[in-house]
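# Coordinate inspection notes
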Amino acid sequence: MKYLASVHSTLKVSRYLFRALALVIWCLIAFASVFYIVNALHQRESEIHQELNLSSDQAQRYIQRTSDVIKELKYIAENRLTAENGVMSLRARDDKTVVPNFEPLFADSDCSVMGNACEVLWNHWHGLCATGATTFPPLMI
C-alpha cells in the first residue's frame, strides 16, 4: 500500500505543479499582452503628437505670413495716404522714367485718350519698383 500512497501523493503534487505551470504561462501571456497594448497606445500617442506639432507649425507659419502681409499693406496704405493726390511720392525715384510713345494700330484710332492713363500707370509701376514694394494695390483711374 505504501507504493499506492506514493503514486497517489505524486499525482496530487504533479496536479498542483501543472496548475501552477498553467497559471505562470497564463500570467506571462497576460503580461506580454499588456506590454503590447501599452506599446501600441504609446505609438498612437506619438503619432497624434506629431500631427499636432505639424498642425501648430503650419498655423504659426500662416499667422506669421499673414502678419507680414498686413504690415506690407499697412506700409503701402500709409504711403498712399501721405502722397499727393493718391500718387506714390517721388522719394526713391529718379526722374528718368521713360513713358513709351503710343502709335495707333488703326488709322482712325486716337492714342491721346489712353496716353494720360497709361502715363499714370507707368508712374505707379516705376514708383512701386523703386520703393521695393512687393504687393501692388489696386489702381483707380
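What you are looking at is a predicted structure, and each value in this text was computed from that prediction instead of being measured.

Criteria and thresholds
Residues numbered from 1 in each chain as written. Predicted model: local features only at pLDDT ≥ 70, side-chain atom pairs only at ≥ 80, totals over all residues. Heavy atoms only, no water. Helix = DSSP H or I, 4+ residues; strand = E, 2+ residues; numbered from the N terminus. Buried < 20%, exposed > 50% of the residue type's maximum accessible area, 1.4 Å probe, protein only. Contact = heavy atoms within 4.5 Å. Areas by Shrake-Rupley, 256 points an atom, 1.4 Å probe, with all protein chains shown as cover. Salt bridge = Lys/Arg side-chain N within 4 Å of Asp/Glu carboxyl O. Phe/Tyr/Trp six-rings, centres within 6.5 Å; stacked < 30°, edge-to-face > 60°. UniProt positions renumbered as here; feature names shortened; annotations may be inferred. Patch = residues over 30% accessible without salt bridge, like charges linked within 9 Å, V, L, I, M, F, W, Y side chains within 5 Å.

### Some words on the overall build of the protein chain
- Per the secondary structure count, the protein chain includes two helices and zero strands.
- The proportion of buried residues among the 141 residues of the protein chain is 9%.
- A separation threshold of at least 6 residues defines the contact pool for the protein chain, and within that pool the share at least 24 residues apart is 51%.
- Element-wise, carbon and sulfur atoms account for 65% of the exposed surface of the protein chain, whose accessible area totals about 12300 Å².

### Description of the pattern of salt bridges
- This structure, assessed with the given rule, holds one salt bridge.
- A salt bridge links arginine 44 to glutamate 47, with the shortest nitrogen-to-oxygen separation between them at 3.2 Å. Within this pair, arginine 44 and its partner glutamate 47 are both found in helix H1 (residues 2-82), separated by three residues, close to a single helical turn.
- Judged by its relative accessible area of 44%, arginine 44 is partly exposed.

### Description of the packing of aromatic side chains
- All chains considered together, the criterion is met by one aromatic pair.
- A ring pair is formed by phenylalanine 31 and phenylalanine 35, whose centres lie 4.7 Å apart and whose planes are at 85°; its orientation type is edge-to-face. Of this pair, phenylalanine 31 and phenylalanine 35 both sit in helix H1, four residues apart, roughly one helical turn.

### Re the UniProt feature "transmembrane region" (unreviewed entry) in the protein chain
- As recorded in UniProt, the sites labelled "transmembrane region" (unreviewed entry) are residues 16-38.
- From the first C-alpha to the last, residues 16-38 spans 33 Å; its make-up is 100% helix and 0% strand.

### Quick notes on a nonpolar patch on the surface
- Among the surface-exposed residues, Phe18, Leu21, Ile25 and Ile29 lie close enough to one another that they form a single nonpolar patch of about 430 Å² accessible area.
- Take isoleucine 25: its relative accessible area is 42%, and that puts it in the partly exposed class.

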